[in-house]
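Chain residues, written in single-letter form:
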Amino acid sequence: MTTTLAAVDLGASSGRVMAAAVERHRDGDRIGLTEAARFPNRAVAAAGRLYWDVIGLWNGVLDGLRAASGAAAVAVDSWAVDYALLDAGGDLLGTPVCYRDARTRASRETVLAATGAEALFARTGVQHQPFNTIFQLAAERPETLDAAERMLLIPDLFSYWLSGAFACEASNASTTGLVDQATGTWSPELCDVAGVRGELLGQITETGTVLGGLTDAVAAETGLGGAVSVIATASHDTASAVAAVPYETENAAYISCGTWSLVGTERTGPVLGVEALQAGFTNERGADGTVRFLRNVAGLWLLQESMRAWRRSGLEVDLAELVKEAADETRLRSIVDPDAPVFAEPGDMPERIRAYCAETGQPVPQTPAAIAACVLDSLALAHRRAIDDLERLGGTEIDLVHIVGGGSNNELLCQLTADATGRPVLAGPDEATALGNALVAAQALGLIAPGPQARREAARASAAPRRHLPAGDSAPWRRAVARLDDFPG
């Protein structure tokens, strides 16, 4: 028996609608993914602000749903923290602002001064990233918040447009910095600090909730019909990706690698100590009420932004060829801290990388291949540092690393991560977010048995991970970590 679901996955650089065929077999359940549509996404600068083109994304979603004919359900995931404000009629009050906008520089410090950094982390478990929703809301004009009747995180906005139902799914809500870890509900005190009324947020919706059917307008526009269910999947894209990790061991770590590298483990409870805060870790909700204890690393953002800079200058670079050339470069010749603030915002990334290397007394990479080698070596080092800290803070020895998401297709990065960490790396599935989205939705509809074990078995049956074993001398990687520790943050 096969049932098709539509998994809508909205990322920071592109969106896609995947037709997910849920297949029931005597030897186990599996999901086959077919791309129904893919469309670009990018932040747009206008009048000093950086915005998301959510209407363009919505058009892409509708096109994808038209192509995913026969789908029995739709579920949406996206990046975290960003939101839309709606008026009493359910209309947008403005265009959602991108998390990379600089408006939170002052508001973050104001919130931390009011709450205390350690006390805020102890309450929410969320690292104090400048883009957190709590800091974004604190940066809003008071009159804008006064005019709003509802705040919806990005995937909840699309679920609302699909179904007409308001929701605030738990995995994405947990990233906002407004949820009390102990209760799993919004903190009234933190809402006050952010300047937002509690009723604006609505009740937190459990992962896997069926929100209802498509609105008549969407059913007619897509040809899917009103009987199609809209499901609040694990709507934070990382939560969906982790839901699709085909774990081989109980002590494995995951790296959900794309624009960001999210390096973590799944736990039954949060790690809330000062050490975790200082090490840059965060605690977010997983698909089964687990805690994803992880560190955000800047990921392939540096390479993606470098590619954009080269294209703006008229230099066309093929990514596959670039990675091949980077493999031939001298390893660890020049390294950077991917999380240094200088790399956080859009701009001329190759020039920033060159300036960083010059400032730290290293050889300055000149060619695209040398820049790419610097970025990939540095990202593998960042993976190593995060995994070493996971062991130290979580008290569990990590014996295997799963890399999932688009970054799992970068064979050089996967091998460098194995070399840097000294652990086997299993690469794939590459469409982990869409697969996890569909797995959670399938469980909500009773198409797959409930619980994490059944989902992991289905994930293993649906993916064919590639194994990378550590190779070469580990000493250069140890020395590179020591070098990096001496660099500016």
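Data block above holds the structure.
Residues numbered from 1 in each chain as written. Predicted model: local features only at pLDDT ≥ 70, side-chain atom pairs only at ≥ 80, totals over all residues. Heavy atoms only, no water.

1. Some remarks on a negative patch on the surface
Here is step 1: There is a patch of like negative charges on the surface, built from Asp318, Glu321, Glu325, Asp328 and Glu329.
Here is step 2: Looking at the secondary structure, you find Asp328 in the loop between α13 (319-327) and α14 (349-359).
Here is step 3: On the basis of relative accessible area, Asp328 is assigned to the exposed category, the value being 67%. (Patch = residues over 30% accessible without salt bridge, like charges linked within 9 Å, V, L, I, M, F, W, Y side chains within 5 Å. Areas by Shrake-Rupley, 256 points an atom, 1.4 Å probe, with all protein chains shown as cover. Salt bridge = Lys/Arg side-chain N within 4 Å of Asp/Glu carboxyl O. Lys, Arg positive; Asp, Glu negative; His and termini not counted. Charge placed at Lys NZ, Arg CZ, Asp CG, Glu CD. Helix = DSSP H or I, 4+ residues; strand = E, 2+ residues; numbered from the N terminus. Buried < 20%, exposed > 50% of the residue type's maximum accessible area, 1.4 Å probe, protein only.)

2. Observations concerning the nonpolar core
Considering soluble globular proteins, one finds that nonpolar side chains tend to be buried as a cluster.
Here is step 1: Counting 76 residues, the largest nonpolar core has Leu10, Leu65, Val74, Phe158, Leu162 and Leu214 as its most contacted members.
Here is step 2: In terms of residue count, the dominant contributor to this core is helix α17 (residues 432-444) (seven residues).
Here is step 3: Once you skip the residues sitting within four places of it in the chain, Leu10 turns out to touch Gly15, Phe39, Leu57, Val61, Val76, Asp77, Ser78, Trp79, Phe158 and Asp237.
Here is step 4: If you look at the next biggest cluster of nonpolar residues, it comprises 62 residues, including Leu322, Ala373, Ala382 and Ile403. (Core = buried A, V, L, I, M, F, W, Y, C linked by side-chain atoms within 4.5 Å. Contact = heavy atoms within 4.5 Å.)

3. With respect to the pairing of strand β1 (residues 2-10)
Here is step 1: Of all nine residues that make up β1, seven are buried, and the element is covered over most of its length.
Here is step 2: Note that β1 and strand β2 (residues 14-23) share nine bridges and pair antiparallel. Of the residues in β2, the one forming a bridge with Ala7 is Met18.
Here is step 3: Turn length for the β1-β2 hairpin, with the two strands adjacent in sequence and antiparallel, is three residues.
Here is step 4: Pairing analysis gives five bridges linking β1 to strand β6 (residues 73-78), with the strands arranged parallel. The residue of β6 that forms the bridge with Val8 is Val76. (Pairing = 2+ DSSP bridges.)

4. Description of helix α18 (residues 452-462)
Here is step 1: Buried within α18 we find Ala454, Arg455, Arg456, Ala458 and Ala459.
Here is step 2: Of the surrounding elements, those touching the buried residues of α18 are β3 (30-40), α10 (237-243), β14 (261-267) and α17.

5. With respect to the side chain of Thr222
Here is step 1: Within the secondary structure layout, Thr222 lies in helix α9 (residues 216-222).
Here is step 2: On the basis of relative accessibility, which here comes to 7%, the residue Thr222 falls in the buried class.
Here is step 3: Within the local environment of Thr222, its side chain forms a polar contact with the backbone nitrogen of Leu224, the two atoms lying 3.4 Å apart.
Here is step 4: Apart from residues lying up to four places away in sequence, Thr222 is in contact with Leu62, Leu65, Arg66 and Leu214. (Polar contact = N/O pair within 3.5 Å; in protein donor to acceptor, adjacent residues only side chain to side chain.)

6. Brief notes about the environment of Arg384
Here is step 1: Locating Arg384 in the fold gives a position in helix α15 (residues 368-394).
Here is step 2: A C-alpha to C-alpha distance of 8.6 Å links Arg384 and Val481, two positions 97 residues apart in sequence.
Here is step 3: Excluding its chain neighbours within four sequence positions, the residues that come into contact with Arg384 are Ala420, Thr421, Trp477, Arg478 and Val481.

7. Looking at the pattern of salt bridges
Here is step 1: The final tally for this structure, using the stated rule, is 28 salt bridges.
Here is step 2: The residue Arg38 makes a salt bridge to Glu35 at a minimum N-O spacing of 2.8 Å.
Here is step 3: Residue classification places Arg38 among the partly exposed positions, given a relative accessible area of 41%.
Here is step 4: On the basis of relative accessible area, Glu35 is assigned to the partly exposed category, the value being 40%.
Here is step 5: Notably, a salt bridge pairs Glu199 with Arg197, separated by 3.5 Å at the nearest N-O pair.

8. A few points about the sheet that holds β2
Here is step 1: Spatially, β3-β2-β1-β6-β12-β11 is the arrangement adopted by the six strands of the open sheet, whose pairing is mixed. Looking along the sheet, the strands with just one partner apiece sit at the ends: β3 and β11 (209-213). Direction aside, neighbouring strands of the sheet carry axes that sit 25° apart on average.
Here is step 2: Across the sheet, helix α6 (residues 154-163) lies against β1, β6, β11 and β12 (229-232), angled at about 155° from β6, the strand it touches most. (Axes fitted to C-alpha atoms, helices over the stretch in contact; angles between N-to-C directions.)

9. Quick word on the packing of aromatic side chains
Here is step 1: Overall, the coordinates contain 12 aromatic pairs when judged by the stated rule.
Here is step 2: On the numbers, 5.4 Å between centres and 65° between planes, the contact of Phe158 with Trp161 is edge-to-face. On the criterion of helical spacing, the pair formed by Phe158 and Trp161 is a turn pair, its members being three residues apart in helix α6. We note that Phe158, like Trp161, is buried.
Here is step 3: Ring geometry for Phe343 versus Tyr356: centroids 5.5 Å apart, planes at 40°, classification tilted. With Phe343 in the loop between α13 and α14 and Tyr356 in helix α14, the pair connects residues that are 13 residues apart, well separated along the chain. The same class applies to Phe343 and to Tyr356, which are both buried.
Here is step 4: Site record: aromatic cluster; members linked through ring pairs are Trp52, Trp79, Tyr99, Phe131 and Trp260.
Here is step 5: Seen from the ring of Trp301, Arg100 lies directly overhead, with NZ or CZ sitting 3.6 Å from the centre. (Phe/Tyr/Trp six-rings, centres within 6.5 Å; stacked < 30°, edge-to-face > 60°. Lys NZ or Arg CZ within 6 Å of the ring centre and 35° of its normal.)

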